[in-house]
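# Coordinate analysis (summary)
In case you want the letters, here they are:
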There are 2 protein chains.
Amino acid sequence: MNAAYRTLLARFARIHTIAEAQAMLNWDAAVMMPPGGSAARGDQLAVLAGLAHELLVAPEIAALLDTAEAAGDGDEDGWGVANLALMRHAHRRATALPGDLVEAQARTNSACEKVWRNARAARDFATVAPHLDEVVRLAREAAQALGAALAMSPYDALMDGFQPGIGAADVAPIFATLEAFLGDALPRVEARQKPPHRPEGGFPEAHQEALCRRLAARVGLDFSHARLDRSLHPFCGGTQSDIRITTRYDEADFAQSLMGVLHESGHALYEQNLPRAYARQPVGQAAGMAVHESQSLLIEMQACRGDAFLTWLGPVLHQAFGGNPGTYAPENLARLWRRVARGLIRVDADELTYPAHVILRFRLEQALIAGDLAVADLPAAWRAEMERLLGIAPRDDAEGCLQDIHWYDGAFGYFPSYTLGAMAAAQLMAAARRDTPGLDAALGGGDFAPLRGWLARQVHGHGSRLGCNDLLRAATGKPLGAEDFLAHLGARYLV
Amino acid sequence: MNAAYRTLLARFARIHTIAEAQAMLNWDAAVMMPPGGSAARGDQLAVLAGLAHELLVAPEIAALLDTAEAAGDGDEDGWGVANLALMRHAHRRATALPGDLVEAQARTNSACEKVWRNARAARDFATVAPHLDEVVRLAREAAQALGAALAMSPYDALMDGFQPGIGAADVAPIFATLEAFLGDALPRVEARQKPPHRPEGGFPEAHQEALCRRLAARVGLDFSHARLDRSLHPFCGGTQSDIRITTRYDEADFAQSLMGVLHESGHALYEQNLPRAYARQPVGQAAGMAVHESQSLLIEMQACRGDAFLTWLGPVLHQAFGGNPGTYAPENLARLWRRVARGLIRVDADELTYPAHVILRFRLEQALIAGDLAVADLPAAWRAEMERLLGIAPRDDAEGCLQDIHWYDGAFGYFPSYTLGAMAAAQLMAAARRDTPGLDAALGGGDFAPLRGWLARQVHGHGSRLGCNDLLRAATGKPLGAEDFLAHLGARYLV
């Protein structure tokens, strides 16, 4: 590639290195920071965000992009072209929003999120409604500006910020299929599932943590480049060469920490195996939040809650915790960890009913951004959708539209990623099985190497060179769809 | 103050906020980071250092400083004038060095430090000598450029980077006095000191840590704004509202962790009590490394190894660890923790012989920077000085000129701060006693509030509004001198 492109490589590497510092400071804030450090940490993150933004919107960047695009020669493998396109896309997004709108959003979202914490605790939507109204107003304004710059609808422009290449028109029919399946399947699953026996506790934290470490390493996490810690909300953070996953421990139930660590290990594996030749370049990053979620769900839901792995895991658990061996039999673990129940809270939902929670949010947030739903009408709309989708109704808004932080923090267009990720996970797992004889036999021996190898080749190693659908086409032969997910749910819950 | 000054306030706050991010990343690197994160962390710190430097040397800063200095009105309490002078000083230092020299130093120092680690382990000065030669050459070049910009001698310009306001001409006569005292006192102390009884171990880490936390809190550390962790080399890092101190634990001897935590708590107390109205401004920072060291040594050496506090501490230790109560009697703790022994290693030295180690380094580094001592002649010069000062000689260079990281990392002019700090600690403690009736009685009850209050008023609350000598004049009635330190040593070791 040409000199302008080489200069861009250095500029984007610098911007990404600032993002690495931000990632470490965010990890510290969630895991280590004493409460009194919070205000200063906010300032530190804001200054770094401001510096990164200034570097990205600097006038030379536009000129360099023009020159590099015009020259665009000598890229034999396509990585450079893809990287340049992603640079242009990032620049377009960063320059689309006027500075005073960005500032107003930062201030308004942060204030609303603080009020929301109290409103949720007090189960009182009215106190936060005026704040959310302002958040929605600014989000609509931003969505319109972004949509104009990217030639997309406003809502798609918001989705693009989380999962580029997938818009509402892709999602809507898939979610309609899913909803129809769920209406039919849920009563049948409820009728046929058998109650599990709970393993007898307690399960000391130290034993749980040792087991979590052992399983994360078995999945493929390299602890010379990673840490496992505790936090209120489990997450995967840090950087490619220094990944930080967290979990939380309940001494009465080890499933939460264990499944949490397996989930975050899936995210971590993706980060760890991104193409090092393009580290700190846009093309070297993950291909979006839905693809990222597919990697965590593939490890947790597809592999680790699957029959083969549970066969291996049972004796390991019995050795770690003792007690009645029958409770660790794979059939019982399956009943325990695949139990389906209609519930009001998204983060507690099982694999089968989770999509209902996402479909609800997808529809309501589209209506909010389109201006078809007023914030004042949100609680009633939530209740109506929940009754329609799962046949249950929240007793108050803490069980309804106050439960998630996302909207109150200004994040619209993120929710679909959870269920798109679940579908992509099923689709990728089906393809991995087709391509890899002995995949399940290996998982049944606690061996993730064949699965990891397939994922590295088909997903991780591509960075974001391919968009979500092209990535899935190359790996599975078709774009993102509900087919394999429904087949998976059918095989797991209805056979 | 005027508009230019107000703009400078915002610029310097931004620069300091970047420094806060660097402080947290440095803490993480020493305490949390897995080994594989080290290369990326180096890049993150380098990018942040580069951004902070660019902000400081930006052409507008020079213009704003000129305008603000010319306007310089309406500063009734002197803080603004002092802050502006410190801004100018920081700008002068940052612009004095050509960019290619800064880069060459960063590269050369980092390479030399890596070679030094192996050379020290192999006790082989020859392999690192050519690297150190280059480090010294660049340090001399930098010292000359800084000296020209600051109207100081080259070595003073290096000292100024650590403790502004104190030069070699201040230090040399004080160190000569100290050396004479030591030559006379050391044999007398050795002849009269009695052997201690060692408390019977072991001392479980968890018990030591709980005790360390309790004592740090008693000294005044506020754990809603602080953490205590473990690291190979104990330090105090973090930021004013989020202080991070570390220690290390030896289950055979609790003195190391305990005294380490008390030492770092002294540093932490200073940071915690710096004037919040000038947070993130140059005038709101500590008044230099010697003053900083005075605060740690005042807590550890003056207060906590003093008779009064040991009287309180003895029973606390016995309660924590059990065993023979006689070993926790204050007289025995004094013998144990004030034992004097000629040794070759600075970091293991006692309070009395420590200055000899610093005097040696002060003389040799002056000669290196002046060009009067060649790197090749360093081992022999070291041996000669050590024999002259303490009458002992290193068996090899690992016990001699390879023991400290400082020079190999390019830090010249730092060493005097250790002993200047010890002297300032004695001088401040003497003044605190004069000003505060009942100070020792309070320490004898484990109560640091009177001492802490005096330090907050006389030292911490001034930030760097006053230079080192003006600070000491205001607090103690005289500039930095050896008198009170010698009186302290005499009273503690020769009475």
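Basis of the calculations
Residues numbered from 1 in each chain as written. Chains lettered and ligands numbered in written order. Predicted model: local features only at pLDDT ≥ 70, side-chain atom pairs only at ≥ 80, totals over all residues. Helix = DSSP H or I, 4+ residues; strand = E, 2+ residues; numbered from the N terminus. Buried ≥ 20, exposed ≤ 12 C-beta atoms within 10 Å, placed from the backbone. Contact = placed C-beta atoms within 7 Å. Nonpolar A, V, L, I, M, F, W, Y, C, P; charged D, E, K, R; others polar. Least-squares fit on C-alpha atoms with pLDDT ≥ 70 in both. Pairing = 2+ DSSP bridges. Axes fitted to C-alpha atoms, helices over the stretch in contact; angles between N-to-C directions. Parallel < 35°, antiparallel > 145°, perpendicular 65-115°, else oblique. Left-handed = near helix turned anticlockwise from the far one by under 90°. Domains from an automatic or database assignment.

## Here's the deal with the overall build of chain A
Secondary structure summary: chain A contains 20 helices and three strands in total. Taken along its principal axes, the extent of the C-alpha atoms in chain A is 70 × 55 × 45 Å. For chain A, buried positions account for 43% of its 495 residues. In chain A, 71% of the contacts between residues at least 6 apart in sequence involve partners at least 24 apart.

## Overview of the interface of chain B and chain A
The partner chain A presents 29 residues to the 29 residues of chain B that form the contact. Element by element, the count of residues in the side of chain B that touches chain A is highest for helix α1 (residues 3-31) of chain B, at eight residues. Among the residues forming the side of chain B that touches chain A, the class breakdown is 15 nonpolar, eight polar and six charged.

## Focus on the relation of the copies chain B and chain A
Each copy of the sequence occupies a distinct position, and chain B is placed on chain A by a rotation of 180° and an axial shift of 0.0 Å, giving an RMSD of 0.0 Å. Look at the turn and shift together and you get a two-fold axis relating the two.

## Remarks on the sheet that holds strand β1 (residues 226-230) of chain B
Residue and element names in this part refer to chain B. Spatially, β1-β3-β2 is the arrangement adopted by the three strands of the open sheet, whose pairing is mixed. Two strands close off the open sheet at either side, each with one partner strand: β1 and β2 (236-239). Shown here is a sheet whose adjacent strand axes are inclined to one another by a mean of 20°, direction ignored. Here five bridges tie β1 to strand β3 (residues 242-247), and the two strands are oriented parallel to one another.

## Points about the packing of helix α5 (residues 99-122) of chain A against helix α6 (residues 125-150) of chain A
Packed helix pairs are characterised by how far apart their axes lie and by the angle those axes make with each other. All names here are of chain A. Between α5 and α6, whose axes approach to 9 Å, the crossing angle comes to 155°. Viewed along their axes, α5 and α6 adopt a mutual orientation that is roughly antiparallel. In this structure, α5 crosses over α6, and the sense of that crossing is left-handed. In contact with Leu-101, Ala-104, Gln-105, Thr-108, Asn-109, Ala-111, Cys-112, Val-115, Trp-116 and Ala-119 of α5, α6 contributes Phe-125, Thr-127, Val-128, His-131, Leu-132, Glu-134, Val-135, Leu-138, Glu-141 and Ala-142. Residue classes in the contact of α5 with α6 are distributed as 13 nonpolar, five polar and two charged.

## Observations concerning the environment of A:Gly410
All names here are of chain A. Within the secondary structure, Gly-410 sits in the loop between α15 (378-390) and α16 (416-435). Overall, the presence of 20 C-beta atoms within 10 Å leaves Gly-410 in the buried class. When the C-alpha atoms of Gly-410 and Gly-314 are compared, they prove to be 42 Å apart, with 96 residues separating the residues in sequence. Setting aside anything within four residues of it in sequence, one finds Gly-410 in contact with Gln-105, Asn-109, Val-135 and Ala-139.

## Description of the domain arrangement of chain A
Residues and elements named next belong to chain A. For chain A, the assigned domains read domain 1 (3-160) and domain 2 (163-495). Placing a centre on the C-alpha atoms of domain 1 and another on those of domain 2 gives a separation of 25 Å. On the side of domain 2, 41 residues touch domain 1, which itself brings 45 residues to the contact. Put simply, the parts of the chain that give the side of domain 1 that touches domain 2 at least two residues each are α1 (3-31), α4 (79-96), α5, α6 and α7 (154-160). When residues of the side of domain 1 that touches domain 2 are assigned to their parent elements, the largest contribution, 12 residues, is made by α1. When the residues that make up the side of domain 1 that touches domain 2 are grouped by side-chain class, the tally is 29 nonpolar, eight polar and eight charged.

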